[in-house]
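Next come the chains, spelled out residue by residue.
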Amino acid sequence: MANIFTIAWNTIKRNAKEKRVIIMMIVFPIVLILILGNALNASFEPSSMGTITVGYLNEDKGEVSGFFEDFLYSDEIKDIVDIQEISSVAAGKDQLDENKIDSFIYIGDGYSNAIAKRDQKAEIEVMSTDVAGYKATVVNSIVDSFINGANVTSALNQLTNESMSTSRYEGEEVVKDVLITASGEKPRAIDYYAITMFVMILMYGIAYVAEGLGEEVFGSMKDRFRSLPVKGYEMFLGKILGSIVLLLLQGLIIFGITKYAFNVDWGNSIGFVLLMLLVISFFATAFGVMLCTIARDVNQIRGLINTLVPLFTFISGGYLVIDLGLIKYISPNYLMQTALFNNIYGGDSHTTLTYILVLVGLIIVIGLFSIFQGRRKLS
């Protein structure tokens, strides 16, 4: 155990003494965050959302759906949504396909009766071509606001045996919440690039373990290493531990400078940021070990790092705010960034947890592959 900590400590000291390493891993991302945060700030300024065109078909004509119509045509909602009556479900879907409307709200027959009864399912269906777009999000928020209130009203009616007409749900107060959600708390450019560059530079930390193991364990110095009074697993674990500690220290420095010197918004949960820092550090280290087991020499490892990390960053929208569709999911940076953004700006917690679990799963898979491949390479 003492040998493992000694090797880890030597790994930390050797990298910390390298001015090139300090400049690349700490100074460079700080300067880059400042440059991108100021140069591209205008593109992050809030702009007018515009009117959202929504098709609407109500086949229920009951009391509760009447309340929803009052809610939908209220002044607050009309400021952001243009309601167009649709004659049929087929016509609504056709107009969606032709991009004549942004979303289509459909209430089926029997909705009012179903919502008043405990054992029947009541639904307001929302259809959108771009379910992940902000317009679909706004329309869903509006409908959810009404449904939440209607469900509360229904529960009260069942407890008090009152009819819907005597404890009518008033939706206008909820509209204010919908408007806040629609505009949302939006990151500034410096907030955005602090996260993406934070993830990118930690991914460059692959080099910490990759270069050390690439030379001393799998590369040109492995014969000399075998002659030392150090067991193979001690060298292996020492290098990994030292690399993880280096990444944690580097991440903490960048986090501290951006949060307290640049006033970057990292959210209210420092614990979550530290958790993500740990996950990213483990992932980068595991990835570096894997590169050592599949590359022929250190120069090839460096080439792979200098190709893969910028590619992962670009695909994830780290340099420019772009959405490349399903391709973005092949970038671990995207999973890391999204988890952080979701936590900071109140995104979907289920998605955040899913992405973290995927990253942990990848760490395990990469680790097992590296052990198998590494044993073959050393044999």
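See the structure shown above.
In this text the structure is predicted, and so the values were computed from the model without any measurement.

Okay, the overall build of the protein chain next. What the protein chain contains, in helices and strands, is 16 helices and 4 strands. Taking all contacts inside the protein chain whose residues are at least 6 apart in sequence as the whole, residues at least 24 apart take part in 75%.

Attention now moves to helix α14 (residues 298–315). Residues lying three or four places apart along an α-helix face the same way, a consequence of the helix completing one turn every 3.6 residues. Its 18 residues give α14 an end-to-end C-alpha distance of 26 Å, which sits within 8% of 26 Å, the value for a rise of 1.5 Å per residue. Among the residues making up α14, those that are buried are V298, I301, I305, V309, F312, T313 and I315. The buried residues of α14 occupy one face: seen down the axis, they fall within an arc of 155°. Directly beyond the C-terminal end of α14, a positive phi value near 85° is found at G317.

Counted under the stated rule, the structure contains 3 salt bridges. E98 serves as the salt-bridge partner of K100, at 3.2 Å between the closest nitrogen and oxygen. By relative accessible area, which is 53% here, K100 ends up exposed. A salt bridge links D323 to K328; the shortest N-O distance between them is 2.9 Å. Residue K328 is classed as buried on the basis of its relative accessible area of 9%.

Right, let's talk about the packing of helix α13 (residues 270–294) against helix α15 (residues 332–345) for a bit. At their nearest, the axes of α13 and α15 sit 10 Å apart, and the two run at 175° to each other. When the axis of α13 is compared with that of α15, the two are roughly antiparallel. Along the contact surface, α13 presents F272, V273, M276, I280 and F283, while α15 presents P332, M336, A339, L340 and N343. Tallied by class, the residues present in the contact of α13 with α15 amount to 9 nonpolar, 1 polar and no charged.

Once that is clear, we can look at the sheet that holds strand β4 (residues 124–128). The strand order across the open sheet formed by 4 strands is β2-β1-β3-β4, and the pairing between neighbours is mixed. The sheet is open, and its two borders are formed by β2 (81–85) and β4, each paired with just one other strand. Taken pair by pair, the neighbouring strands of this sheet meet at an average axis angle of 25°, ignoring direction. Where strand β3 (residues 103–107) meets β4, 5 bridges bridge the pair, whose relative direction is antiparallel. In the sheet register, S103 faces β4, and the bridge partner there is S128. Of the strands in this sheet, β1 (52–58), β2, β3 and β4 are in contact with helix α3 (residues 63–72), which crosses β1 at around 160°.

In this section: unusual backbone geometry. Non-glycine residue N99 carries a positive phi angle of around 60°. Tracing the backbone through its elements, the reader meets N99 in the loop between α5 (89–97) and β3. A positive phi angle, close to 60°, is found at N263, a residue other than glycine. Mapped onto the elements of the fold, N263 is located in the loop between α12 (232–260) and α13. Residue N263 is classed as exposed on the basis of its relative accessible area of 57%.

Moving on, we come to the nonpolar core. Grouped burial of nonpolar side chains is what soluble globular proteins tend to show. If you look at the biggest cluster of nonpolar residues, it comprises 67 residues, and the most contacted ones within it are F198, I206 and M276. Within the residue set of this core, elements represented by two or more residues are α2 (19–39), α9 (189–203), α10 (206–216), α12, α13, α14, α15 and α16 (349–378). Apart from the residues lying within four places of it in its own chain, the contact partners of I206 are A284, F287, G288, L291, I305 and V309.

Looking now at the packing of aromatic side chains. This model, assessed by the stated rule, comprises 11 aromatic pairs. Relative to F71, the ring of F68 lies with its centre 6.4 Å away and its plane at 40°, an arrangement referred to as tilted. Of this pair, F68 and F71 both sit in helix α3, 3 residues apart, roughly one helical turn. Residue F68 shares its accessibility class with F71, and that shared class is buried. Ring geometry for Y192 versus Y193: centroids 5.2 Å apart, planes at 90°, classification edge-to-face. In this structure Y192 comes out as buried when scored by relative accessible area, which is 9%. Exposure remark for Y193: the relative accessible area of 1% places this residue in the buried category. An aromatic cluster of three or more residues is present, and its members are Y192, Y193, F341 and Y345. Taking NZ or CZ as reference, K259 lies 5.6 Å from the ring centre of Y260, over its face.

With 15 residues, α9 should reach 21 Å at 1.5 Å per residue; the first-to-last C-alpha distance of 21 Å fits that figure. Across the 15 residues of α9, 15 count as buried, placing the element largely inside the fold.

Looking now at the packing of α13 against α14. How two helices sit against one another is set out by the angle between their axes and by the gap between those axes. Following both chains from N to C, one finds α13 and α14 inclined at 140°, their axes separated by 10 Å at the closest point. In terms of axis orientation, α13 runs oblique to α14. Of the two elements, α13 crosses α14, and the hand of that crossing is right-handed. Within the contact between the two elements, α13 uses F287, L291 and C292 and α14 uses I301, L304, I305, L308 and F312.

The rules behind these values
- Residue positions are given per chain, counted from 1 along the sequence in the order it is written.
- Two thresholds apply to this predicted model, a pLDDT of at least 70 for residue-level local features and 80 or more for giving and counting side-chain atom pairs, whereas whole-chain, interface and lining totals are computed over all residues.
- Excluded from the side-chain calculations are hydrogens and water; all other atoms, namely the structure's heavy atoms, are used.
- Every helix listed is a DSSP run of H or I at least four residues long, and every strand listed is a run of E at least two residues long, numbered separately from the N terminus.
- Whether two residues are in contact is decided by their heavy atoms, any of which lying within 4.5 Å being enough.
- A helix is expected to span 1.5 Å for every residue after the first.
- Between buried and exposed lies partly exposed: a residue is buried under 20% and exposed over 50% of the maximum accessible area for its type, with that area taken using a 1.4 Å probe on protein chains only.
- Arc, as used here, means the arc of the directions from the helix axis to the C-beta atoms.
- A carboxyl oxygen of Asp or Glu within 4 Å of a side-chain nitrogen of Lys or Arg is what we treat as a salt bridge.
- Note on geometry: axes are lines fitted to C-alpha atoms, helical ones only across the stretch in contact, with angles between N-to-C directions running from 0 to 180 degrees.
- Just so you know how the angles are binned, under 35 degrees is roughly parallel, over 145 roughly antiparallel, 65 to 115 roughly perpendicular, and the rest oblique.
- When residues are grouped by polarity, Ala, Val, Leu, Ile, Met, Phe, Trp, Tyr, Cys and Pro land in nonpolar, Asp, Glu, Lys and Arg in charged, and all others, Gly among them, in polar.
- A pair of strands is treated as paired once DSSP finds two or more bridges between them.
- The definition of a nonpolar core used throughout is a set of buried Ala, Val, Leu, Ile, Met, Phe, Trp, Tyr and Cys residues joined through side-chain atoms within 4.5 Å.
- Within 6.5 Å between ring centres, the rings of Phe, Tyr and Trp (the latter by its six-membered ring) count as paired, and their orientation is classed by plane angle as stacked under 30 degrees, edge-to-face over 60, tilted in between.
- Two limits define a charge over a ring: the Lys NZ or Arg CZ must be within 6 Å of the ring centre, and within 35 degrees of the ring normal.
- Throughout, a crossing is termed right-handed when the near helix is turned clockwise from the far one, and left-handed when it is turned anticlockwise from it by less than a right angle.

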